[in-house]
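Here is what each chain is made of, one letter per residue.
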Amino acid sequence: MTDSCKLTGLLKDTVYCFVSPDAQVLSVESSPISAGSRAVELSRHRLKLGVSSGENEASTGASDSEISLITKLANYNERSALSRLYAQGAKVPFSLSNQPQCEGRSLLCIQDVDDQTDYSRLDIAALEAKEMQALAYIHSKNLGCREEVPWLPVVDEDQIAVAVGHWWKPAWKAAKSHPDFAGTFGAERLAEIESVAEGIVSAMVPVIEDTATYTMIHNDLNPGNVLVHNNEEVYFIDWEEACYGSLFLDIPMRCSSVRQAFAYKKYLNNYGLEIPDAKFAELFAVASRYLGLRYMCWNLGVWEHNERAKADLCKYMDMVTRPLFS
Ligand SMILES: Nc1ncnc2c1ncn2[C@@H]1O[C@H](COP(=O)(O)OP(=O)(O)O)[C@@H](O)[C@H]1O
Ligand SMILES: [Mg+2]
C-alpha cells in the first residue's frame, strides 16, 4: 500500500471511530504544519464529510460537514500515553494509530484541538481553573501506575544532570559572551542563577525520590503543548516526552501564582491525594528552579532579536531566582 493510501485509510478509520460510523469522507485537503520544537513531521487535513441521513440512504449533502485532523509521526510514548489518557476521560485529543505496537515512530491521527477556538475571546480565569483541574485529574488518575505503564521512562538524577550539564551550561556560556547580557539581565541575577545551577542536581533529589507523587507526567508543558478546545476546555497535546515521575516536574510550568498552585492542590485533594502544605511548597520551589533552567536554553540563544523570547527568558529566570513559595 502506498503512503498516500495508508494516510487516507487512517483518516477514514479515525472518522469512523471518533466522529461518526455513518460519515463518508468526500474530500481531503492536506497541508504541512510548520515544525514544532522537534521538527517531527506534522500535517493538518481538512476533511469534507457527508453523513447519510438514514439507513441505506446515500449522502444527500444536506448534513455535510467539515472537520480537521492532524497527523504526526509520533513515538511509542506519545501514542500510548494519548490512548491511555483518552480512555481515562482526560483532557487530551482523540487519536488513532494504524501501528499501535510499533516501537519506533509511526503515523498517529489526532483530533485538531483548537480548530474552532478564537484565542482573542477567552475567559482566562475560568480556563486556568479548568486547566488545574485537568492536570490534577491526569496526575491523580495515574498515581502509582508504574506496573500499567512499564514503557514510560522514569525520571532520575541523570536526566536532571543532562538537562543542566549538556543543554543549559553551553547555552548559558554562549549567552554570557554577549556584551549586553549582564547589562540587560543584571550581573547579580546571573550570579544567582549560576549558583542555583551549581547545586540543582542534589537539590532535586527530594523531588526525584518522592515516590508518593510518582505518576504519568507530561514532562514538557511548554505553552505550545497546552491548547484551548472550543474556547472552553484546556487540552494537553504532544506527549512525546511523557515520563513516570513526580508530579512536581509538571506543575511549576503551568502555575504563575500561588493562588493557581493552591487551586491545583485543592483539585488533587478532591481526587484523593493530600500533600502537606510545607512539602508542597518545598518541592514546588525546587522543581521550579530546575524547570526555569531547563526551559531557558532556547531563549538564551535568541533573546536579543525576539521580544517575546526575551520576556519568556525573564520569566524562566524568575522561576529560578524567585520561584513561587520561596
Ligand atoms: N492535535 C493538535 N491540535 C491542534 N494543533 C496541533 C495538534 N498537534 C500539533 N499541533 C500544532 O503543532 C505544533 C507542534 O506539534 P507538537 O505535537 O507539539 O510537536 P513538537 O514535538 O514538534 O512540539 C503544536 O504546538 C500545535 O501548534
Ligand atoms: Mg510540542
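Computed from a predicted model, the values in this text were never measured in an experiment. (Residues numbered from 1 in each chain as written. Chains lettered and ligands numbered in written order. Predicted model: local features only at pLDDT ≥ 70, side-chain atom pairs only at ≥ 80, totals over all residues. Heavy atoms only, no water.)

Donor atoms from the polypeptide that bind the magnesium ion (ligand 2) are Asn225 (OD1) and Asp238 (OD), placed at 2.1 to 2.2 Å. Taken together, the residues asparagine 225 in the loop between strand S6 (214-217) and strand S7 (226-229) and aspartate 238 in the loop between strand S8 (233-236) and strand S9 (243-246) connect sequence positions 13 residues apart. Residue asparagine 225 is classed as buried on the basis of its relative accessible area of 5%. (Donors = N, O, S within 2.8 Å, 3.2 Å for Na, K, Ca; no water. Helix = DSSP H or I, 4+ residues; strand = E, 2+ residues; numbered from the N terminus. Buried < 20%, exposed > 50% of the residue type's maximum accessible area, 1.4 Å probe, protein only.)

Once that is clear, we can look at the packing of helix H4 (residues 157-176) against helix H6 (residues 187-203). Packing of H4 against H6 brings their axes to within 9 Å, and their N-to-C directions diverge by 155°. In terms of orientation, H4 and H6 fall into the roughly antiparallel class. As for how H4 packs across H6, the hand of that crossing is left-handed. For the pair H4 and H6, contact is made by Glu157, Ile160, Ala161, Val164, Trp168, Trp172 and Lys176 and by Leu190, Ile193, Glu194, Ala197, Ile200 and Val201, respectively. Of the residues contributing to the contact of H4 with H6, the split by class is ten nonpolar, no polar and three charged. (Axes fitted to C-alpha atoms, helices over the stretch in contact; angles between N-to-C directions. Parallel < 35°, antiparallel > 145°, perpendicular 65-115°, else oblique. Left-handed = near helix turned anticlockwise from the far one by under 90°. Contact = heavy atoms within 4.5 Å. Nonpolar A, V, L, I, M, F, W, Y, C, P; charged D, E, K, R; others polar.)

A separate point is the side chain of glutamate 78. By the element assignment, glutamate 78 lies in helix H2 (residues 76-87). Classification of glutamate 78 as buried rests on a relative accessible area of 1%. Polar contacts involving the side chain of glutamate 78 include one to the main-chain amide nitrogen of aspartate 238, which spans 3.5 Å. When near neighbours in sequence (up to four residues on either side) are disregarded, glutamate 78 contacts Lys72, Asp238, Trp239 and Glu240. (Polar contact = N/O pair within 3.5 Å; in protein donor to acceptor, adjacent residues only side chain to side chain.)

This brings us to the sheet that holds strand S2 (residues 42-51). On the basis of which strands lie adjacent, the open sheet formed by five strands has the order S1-S2-S3-S5-S4 and antiparallel pairing. The open sheet has two free edges, formed respectively by strand S1 (23-32) and strand S4 (95-97), since each of these has just one partner strand. This sheet shows a mean twist of 25° between the axes of neighbouring strands, independent of strand direction. Sheet topology places S2 next to strand S3 (residues 65-74); eight bridges connect them, and they run antiparallel. Bridge pairing links serine 43 to threonine 71 in S3. (Pairing = 2+ DSSP bridges.)

This next bit is on the domain arrangement of the chain. Its domain assignment divides the chain into domain 1 (3-111) and domain 2 (124-321). Centre-to-centre separation of domain 1 and domain 2, based on C-alpha positions: 30 Å. The partner domain 2 presents 24 residues to the 20 residues of domain 1 that form the contact. Here domain 1 and domain 2 share an interface that buries about 1,800 Å² over both sides, 52% of which is from carbon and sulfur atoms. One can count five salt bridges joining domain 1 with domain 2. Between glutamate 240 and arginine 105 there is a salt bridge whose closest N-O contact spans 2.4 Å. In this assembly, domain 1 and domain 2 are joined by twelve residue pairs in polar contact (both at pLDDT 80 or more). It is H2 that provides the largest number of residues to the side of domain 1 that touches domain 2, a total of eight residues. Considered class by class, the residues forming the side of domain 1 that touches domain 2 number eight nonpolar, six polar and six charged. (Domains from an automatic or database assignment. Buried area = accessible area lost by both parts, 1.4 Å probe. Salt bridge = Lys/Arg side-chain N within 4 Å of Asp/Glu carboxyl O.)

In this section: the nonpolar core. Formed by 78 residues in total, the largest nonpolar core has its most connected members in Trp168, Phe181, Trp239, Phe248 and Met296. The biggest single contributor to this core is helix H9 (residues 277-302), with twelve residues. Composition of this core by domain shows at least three residues from each of domain 1 (3-111) and domain 2 (124-321). In contact with phenylalanine 181, not counting residues within four places along its chain, are Trp172, Ala175, Lys176, Gly186, Leu190, Leu300, Trp303, Leu313 and Met317. (Core = buried A, V, L, I, M, F, W, Y, C linked by side-chain atoms within 4.5 Å.)

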